[in-house]
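# Inside the fold
Below, each chain spelled out in residue letters.
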Amino acid sequence: IDGLIYFGANDGIIYCLDPEKREYRWTYKTDDRIICITPAAFRDMIIVPSFDGYVYALGISDGSLRWRFNAGSEMIATATVFGDSVFFTARNGFLYEVDAKTGQEIKRKGFGDEFSSCPYIDEERIIVGSQDGNIYCLKRDDFTEIWRFGSGDEIFNLIEFAVKDKTLIFAS
């Protein structure tokens, strides 16, 4: 974003790196690791789930905390921004939707098994993999199940699924 690089690390710090100056513009310390997560961009913020159970929304210019959401469990997959909402999963088995501007919860759905999956979102659907071995397709507006596919083993995707010509590509 604007020539800067944003990332989280195992030291629990979210970094904003200016590669031209070869220095950090700002850092933000969380309470635990940032594992395998690419920050999601929304307007003038980045949104970063953390292993400490919180999702952080930070100002891209100065790293100031805009909001923090408590998911109650570790997160190790990238969040997805769609419209004015942020969607993410947590290891407690919940899929969440929160308001990207305020961090207020819109809805959640529990699946009973651990999630380590970045949701794929389109106008009508959410597709998300679970460590119970299923890929779930849900209605975006109310999280009701449309279908599920049993893969035979855990689904562990830390970035959004690849979709090409209406074909979902995944590994299990």
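Reading guide: rules and limits
One numbering rule holds for all chains: residues counted from 1, following each sequence as written. Owing to the predicted nature of the model, reporting of local features is limited to residues with pLDDT of at least 70; listing and counting of side-chain atom pairs is limited to 80 or more, with chain, interface and lining totals taken over all residues. The basis for every side-chain value is the complete set of heavy atoms in the structure, and neither hydrogens nor water enter the calculation. Whether a residue is buried, partly exposed or exposed follows from its accessible area with a 1.4 Å probe, protein chains only, as a fraction of its type maximum: under 20%, in between, or over 50%, in that order. Per the convention used, a helix needs a DSSP run of H or I reaching at least four residues, while a strand needs a run of E reaching at least two, with both numbered from the N terminus. Two strands pair if DSSP finds at least two bridges between them. Here pLDDT means the predictor's own confidence in every residue, given as a number from 0 to 100.

To continue, consider the pairing of strand β9 (residues 85–89). For β9, the buried fraction is high: 5 of the 5 residues fall into the buried class. In this structure, strand β8 (residues 80–82) lies alongside β9, joined through 3 bridges in antiparallel fashion. In the sheet register, threonine 80 faces β9, and the bridge partner there is phenylalanine 87. Remark: 2 residues form the turn of the hairpin made by β8 and β9, two consecutive strands paired antiparallel; glycine 83 in that turn has positive phi of roughly 60°. Alignment of β9 against strand β10 (residues 94–99), held across 5 bridges, turns out to be antiparallel. Looking across to β10, one finds that valine 86 is bridged to valine 98.

In this section: the confidence of the model for the protein. Put simply, the protein has an average pLDDT of 90, and 97% of its residues get 70 or more. Within the protein, strand β7 (residues 65–70) carries the highest mean pLDDT (98), whereas strand β17 (residues 167–169) carries the lowest (72).

This next bit is on the pairing of strand β2 (residues 13–18). Within β2, 5 of the 6 residues are buried, leaving the element largely enclosed by the surrounding structure. Of the pairings in the sheet, the one linking strand β1 (residues 5–8) to β2 comprises 4 bridges and is antiparallel in character. Note that in β2 the partner of phenylalanine 7 across the bridge is tyrosine 15. Linkage of β1 to β2, two consecutive antiparallel strands, is achieved through a turn of 4 residues, within which glycine 12 is found at a positive phi near 80°. Here β2 folds back onto strand β3 (residues 23–29), and the loop between the two strands holds 4 residues, one of which, arginine 22, carries a positive phi near 55°.

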